[in-house]
Amino acid sequence: MAKYIIKRVLIAIVTLLVIIIVLFLLLKLMPGSPFNNERLTDTQRHVLEVKYGLDKPWYQQLFIYIKNMVMGDFGVSYSIQADYPVSQLIGSKLLLSIKIGLVAGVLGIVVGVILGIVSALFHNGVLDTLTTIVSMIGASIPSQVLALGFVYFLAYKLGWFPLTYSAKEPIMSSILAVISLAIFPMAIAARFTRNEMLEVIGSEYVTLAETKGVPKKRIIVIHALKNTLVPLITTLAPMVVGLMTGSMVTENIFSIPGTGKLFIRAIQSNDYNVVLSLAFIFSAMFIGIMLITDILYGIIDPRISLVGGERK
């Protein structure tokens, strides 16, 4: 296990390095610069480029940027908030996106797994039908459409919730956004759990356990649910990371000052340092959660062994 983890960490580092290089080159190939203000003269633009080191060859800029990033220096913003440290610009926005996305992901998965278990236990019954309908609706309707519906009916018409996010009421003003984001992972988790549990419950070893008098609850938790969790984690882990890194449209609907809105603004204004920093953080979170997912395989199901860096 230790050798496998070390190997995966080294692969993750190389992957992040490649991502940064590719993104850096793509940004350099984009038309324009961070100083596209028409009021600036060519001389003023040149002075700004010299100030920020953008007059140097691209490979020198790349080397300097990676060296600074390794030391924890993400540079300063060029245009969104001139000369303001990127780490401070991103900090509070990233924390807010992670909080809302993580709560939405956990809520969706927990509710979805419960609905999937109920649906499997009452297969072809009324509860199964209702759960299936709810799952199909949740998987079919985009979260942005649900968010707009929630804002109109629950916030505007009924006045139960604030229309937009407010730092004074962070919990109440986040509830609709969390529910909107949680619907899709809930639907996927419910359908996946139902299908996997039906397959496991109908297997020979579960039937054998029933004939030996093993309690039904033990069969569900020890046998059916454990075998369902492994593929479920693989499916939903990347989705949770996506929610944590900010749902751009949903954040705009609720006026949430998260990273999604900041990322779009940084791309539009060619603020290289902000774009690269956010991309690096998003990639690191995704790679990190996938590494944790692989480790969880062995915890959830010890029969999965890691030999030579491969799952067996």
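The numbering scheme is per chain: residues are counted from 1 as the chain's sequence reads. Under the rules for a predicted model, residues below a pLDDT of 70 receive no local features and side-chain atom pairs below 80 are neither given nor counted, while totals for whole chains, interfaces and linings still include all residues. Working from all heavy atoms in the structure, the side-chain values ignore hydrogens and water.

## Here's the deal with the overall build of the chain
In plain terms, the rule: Secondary structure elements follow DSSP: runs of H or I no shorter than four residues count as helices, runs of E no shorter than two count as strands, and numbering proceeds from the N terminus. Note on definitions: a residue-residue contact is assigned when non-hydrogen atoms from the two residues lie within 4.5 Å. Note on areas: Shrake-Rupley, 1.4 Å probe, and residue coverage restricted to the protein chains presented here.
Along the chain, the regular secondary structure elements total 12 helices and two strands. When the helices and strands of the chain are placed in sequence order, the string is α-α-α-α-α-α-α-α-α-α-α-α-β-β. Looking at the chain alone, contacts between residues at least 24 apart form 71% of all its contacts between residues at least 6 apart. A total of about 17200 Å² of accessible surface is found on the chain, and carbon and sulfur atoms cover 69% of it.

## Details of the nonpolar core
Counted only if it meets this: Definition used in this section: a nonpolar core is a set of buried Ala, Val, Leu, Ile, Met, Phe, Trp, Tyr and Cys residues joined via side-chain atoms within 4.5 Å. Working definition: with a 1.4 Å probe on protein chains only, accessible area under 20% of the residue-type maximum means buried, over 50% means exposed, and in between means partly exposed.
Of all hydrophobic cores here, the largest spans 30 residues; its most connected members are Tyr 78, Ile 80, Ile 90, Leu 262, Val 274 and Leu 278. Elements with a minimum of two residues in this core: helix H1 (2–29), helix H3 (58–70), helix H4 (86–121), helix H9 (216–244), helix H11 (259–268) and helix H12 (272–300). The element best represented in this core is H12, accounting for eight residues. Beyond its immediate sequence surroundings of up to four residues, Leu 262 is in contact with Ile 80, Leu 89, Ile 90, Lys 93, Val 274 and Leu 278. In this structure, Phe 161, Leu 176, Ile 253 and Ile 256 belong to the second largest nonpolar core, which totals 17 residues.

## Points about the packing of aromatic side chains
To keep things clear, this is the line we draw: Two rings from Phe, Tyr or Trp (for Trp, the six-membered ring) form a pair when their centres sit within 6.5 Å of each other. Planes less than 30 degrees apart are called stacked, planes more than 60 degrees apart edge-to-face, and all others tilted.
Applying the stated criterion across every chain, the model contains six aromatic pairs. Summarising the aromatic geometry, the rings of Tyr 152 and Phe 153 are spaced 5.0 Å apart at their centres and angled 85 degrees between planes, so their arrangement reads as edge-to-face. Using a relative accessible area of 39% as the deciding quantity, one classes Tyr 152 as partly exposed.

## Description of the packing of helix H6 (residues 143–157) against helix H7 (residues 175–201)
As a reminder, the rule being used: Throughout, an axis means a line fitted to C-alpha atoms (over the contacting stretch in the case of helices), and angles, computed between N-to-C directions, take values from 0 to 180 degrees. Each crossing gets its handedness from the near helix: less than a right angle anticlockwise from the far helix is left-handed, clockwise is right-handed. The residue classification treats Ala, Val, Leu, Ile, Met, Phe, Trp, Tyr, Cys and Pro as nonpolar and Asp, Glu, Lys and Arg as charged. All others, Gly included, are polar.
Direction vectors running N to C along H6 and H7 enclose 145 degrees, while the axes themselves pass 9 Å from each other. In this structure, the crossing between H6 and H7 has a hand that is right-handed. Residues Ser 143, Leu 146, Ala 147, Phe 150, Leu 154 and Ala 155 of H6 form the contact with H7, whose participating residues are Leu 176, Ile 179, Ser 180 and Ile 183. Classifying every residue of the contact of H6 with H7 by side-chain character gives eight nonpolar, two polar and no charged.

## A closer look at the confidence of the model for the chain
What counts is decided by this rule: A residue's pLDDT is the predictor's confidence in that residue, given on a scale from 0 to 100.
When pLDDT is averaged across the chain, the result is 80; 88% of the residues are at 70 or more. The low-confidence segment residues 306–312 (pLDDT under 50) makes 16 contacts with residues lying over four places distant or belonging to another chain.

## Quick word on the environment of Asn 273
Quick note on the threshold: Polar contacts, as counted here, are pairs of nitrogen or oxygen atoms within 3.5 Å of one another; within protein the pair requires one atom able to donate a hydrogen and one able to accept it, and residues that are adjacent in sequence qualify only if both atoms are side-chain atoms.
Following the sequence through the fold, Asn 273 ends up in helix H12. With relative accessibility at 8%, the residue Asn 273 sits in the buried group. When the C-alpha atoms of Asn 273 and Pro 85 are compared, they prove to be 9.6 Å apart, with 188 residues separating the residues in sequence. At 2.8 Å, the side chain of Asn 273 forms a polar contact with the backbone oxygen of Val 76.

## Observations regarding H6
Working note: α-helix, 3.6 residues per turn, so residues spaced by three or four point in the same direction. Our working definition: Helix span, as expected, comes to 1.5 Å for every residue beyond the first. Bend angle per residue: angle between axes fitted to the 7 residues ending at that residue and the 7 residues starting there.
Given a rise of 1.5 Å per residue, 15 residues ought to cover 21 Å, and the 20 Å separating the end C-alpha atoms of H6 matches this to within 8%. Helix geometry: H6 is bent most strongly at Val 151, by close to 25 degrees. Along H6, the positions that sit buried rather than exposed are Ser 143, Leu 146, Ala 147, Val 151 and Ala 155. Along its buried surface, H6 packs onto H7 and helix H10 (248–253). At the C-terminal side of H6, Gly 159 shows a positive phi close to 70 degrees.

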